[in-house]
Amino acid sequence: MDVLNAVEFDRLPVDEALNAVFQSQPVQEGVSSFIGHAVRSYLSACMAAPALLPEARWWVVQHVDQGVRELWAWGRRYRSADGSMRELRLLRVANMLKRPRSDVEIAVAAYTCAFGRPAPWPQDWEREFLVRAREDVSRVVVAEVDLSDGLRKVLFDGTPEEASALHERGGRGAAAQVIRGEARRPGGDCVKCRLVLACDEVVRAPGLLGLPTYRRAKLRQVSISDLRYYDACPAQYHLRALHLPKVDEYAVPARIGQAVHHHLETLHARADRPCRHEDMPTDAGWPDPRWDLDTEAAEAGIRMLAHHPSVCPVQEDTSDLTIEKTLVFQDTAAQVLVIAKPDLVYRDAGAWVFRETKTTRRRQQGSDIFTQYPQVALATAVLGRGLLGGPVDGSRVELEILRPGGADLLMVDPADPQQLAEAYSALRRMARPWREDDTFAATPGENCRTCPVSRWCPSAAETDPLPSSQETARGADREQPA
């Protein structure tokens, strides 16, 4: 936004605008590469749009009754010289065509564009907007711009009356739900939420990562998957965390794991009986098309799933079963929100059990499961601290490893001091370098071959992509990412 402001309001050439912003706001090199691409993509996509003037002020619909209720849309705003035409451009990092905007989003955007009164952004977030006089608007356009592919798509083009009618059909009810809403859904961008420090869904867990105290550190958010990406390359972690566009994100073994995981999730959602052999697929057409598995990969998944009934955790006495529930813990010492999404959590005789399921094409190698499967280390620390409530004694972490030739079920006792210490040691080794890193420099090498965000990384090693046959072999012994 700052670069586009410099181009559109200060009339700077793109390169000068980029240099000016990066001098005042230094960013990681991959981020600067993407920003340059995004700015040029935006300007190119909008060249054919009607000639309009950029508008610095926001368009805010403000209702004053028992309090002040305000509605506005985030994007870039443009108007004709006489103010009769307005265009609101919603920005999309990527995937505009794959994940279209909802009708509600379009309705609210069109309504605020049509009836919002101009207002500067308030200096104090707690204060309401200081709106100015309403403008006489006769035409409203809402467009979306994909910053990755450089595409512009018109979502709405009509009169204020048509925008109002659209809002009445869908937008107003959605806005009312937001105002009345009390449900909390942890796990997204909790670190950005103003209520996170008082949220009942966030469990306070000082020292969960086994790190020293960072009193002046800024609050961060991390998952075990994030730490694994960081371990492979700090730059890859950082660019992924910013949700920059990815290419070929998952190799074949990971896609097999996700397909297997999805099939088991669907079966366990019944939660009325253990999985049976007749529940398992026998035809190569079983996986969801989104996993893009060829016949060989689909058959590997069939052989893995065939062994699950022998280790299925759903039994007659299983209770309090949750599937893929997002858990958030605040390590108040390390100043980190730790996000966990265990495959299954349930109670056995009143004690909590974490179940993680992984897929691989060969037997478990070595005995250090905490380093090989750090999700197990985190689960052990969570149960060992009694963070879910209930007794620590009797609780356990289960690691289900499905192979084409069989299944392994490994168990960890969080009440065992030695196992708990080993879990903390593994967490500390992964988390400390990440917690103390502020630059996220790239570590180019072989990983660049398969890094899904390498297109944005100027330091990425120039390596040829692996052939598909080697891709399958390369990840044959890896488990699915969590």
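For the structure itself, consult the block above.
Sequence order as written defines the numbering, with residues in each chain counted from 1. Totals for whole chains, interfaces and linings use all residues, but because this is a predicted model, local features are given only for residues with pLDDT of at least 70 and pairs of side-chain atoms are given and counted only at 80 or more. By convention in this description, side-chain values take in all heavy atoms of the structure and omit both hydrogens and water.

Engineer: What is the right way to look at the sheet that holds strand β15 (residues 351-359) in this model?
Structural biologist: As a general point, the strands of a sheet are linked pairwise by backbone hydrogen bonds and lie either parallel or antiparallel. Pairing is mixed across the open sheet formed by five strands, whose spatial order is β11-β14-β15-β16-β17. The open sheet has two edge strands, β11 (319-323) and β17 (406-412), and neither has a second partner. Adjacent strand axes in the sheet meet at a mean angle of 20° when their direction is disregarded. What makes two strands pair is DSSP finding at least two bridges between them. Numbering of helices and strands runs from the N terminus; a helix is a DSSP stretch of H or I covering at least four residues, while a strand is a stretch of E covering at least two. Here, axes are lines fitted to C-alpha atoms. For helices the fit covers the stretch in contact, and angles between N-to-C directions go from 0 to 180 degrees.

Engineer: Whenever I open this one, a negative patch on the surface confuses me. Can you help?
Structural biologist: On the surface, a cluster of negative charge is made up of D292, D294, E296 and E299. Here D292 is to be found in the loop between α8 (252-268) and α9 (295-305). For patches, a residue must show more than 30% relative accessible area and have no salt bridge; joins then use 9 Å for like charges and 5 Å for nonpolar side chains, namely Val, Leu, Ile, Met, Phe, Trp and Tyr. Under the convention used here, a 1.4 Å probe and the Shrake-Rupley method define accessible areas, while residue burial counts only the protein chains that appear. For this analysis, a salt bridge means a side-chain nitrogen from Lys or Arg found within 4 Å of a carboxyl oxygen belonging to Asp or Glu. Only four residue types enter the tally: Lys and Arg on the positive side, Asp and Glu on the negative side; His and the chain ends are excluded. To locate a charge, take NZ of a lysine, CZ of an arginine, CG of an aspartate or CD of a glutamate.

Engineer: What should I look at first to understand helix α4 (residues 103-115) in this one?
Structural biologist: The length a helix should cover is 1.5 Å for every residue beyond the first. Between its terminal C-alpha atoms α4 stretches 18 Å, which fits the 18 Å expected from 13 residues at 1.5 Å a residue. The cut-offs for exposure are 20% and 50% of the maximum accessible area for each residue type, with area from a 1.4 Å probe on protein chains only; residues under the lower value are buried, those over the upper are exposed, and the others partly exposed. Every buried residue of α4 is accounted for by I106, A107, V108, A109, A110, Y111, T112, C113 and A114.

Engineer: How do you make sense of the pattern of salt bridges when you look at a structure like this?
Structural biologist: Close approach of charged atoms allows side chains of opposite charge to pair. In this structure the tally under the stated criterion is 26 salt bridges. The residue R152 makes a salt bridge to E87 at a minimum N-O spacing of 2.9 Å. Taken together, the residues span a long stretch of sequence, with R152 in strand β8 (residues 151-158) and E87 in strand β5 (residues 85-92) at a distance of 65 residues. A residue is classified by how much of its surface remains accessible, and E87, at 0% relative accessible area, is buried. What emerges from the salt-bridge pattern is a single network uniting E55, R57, R79, R86 and E135.

Engineer: Explanation requested: the side chain of R86 in the structure shown.
Structural biologist: Along the chain, R86 falls in strand β5. Polar contact criterion, stated in full: a pair of N or O atoms within 3.5 Å, where within protein one must be able to donate a hydrogen and the other to accept it, and residues adjacent in sequence count only if both atoms are side-chain atoms. A polar contact of 2.8 Å, which involves the side chain of R86, links it to the backbone oxygen of G116. Within the structure, R86 has its side chain in polar contact with the side chain of E135 (distance 2.9 Å).

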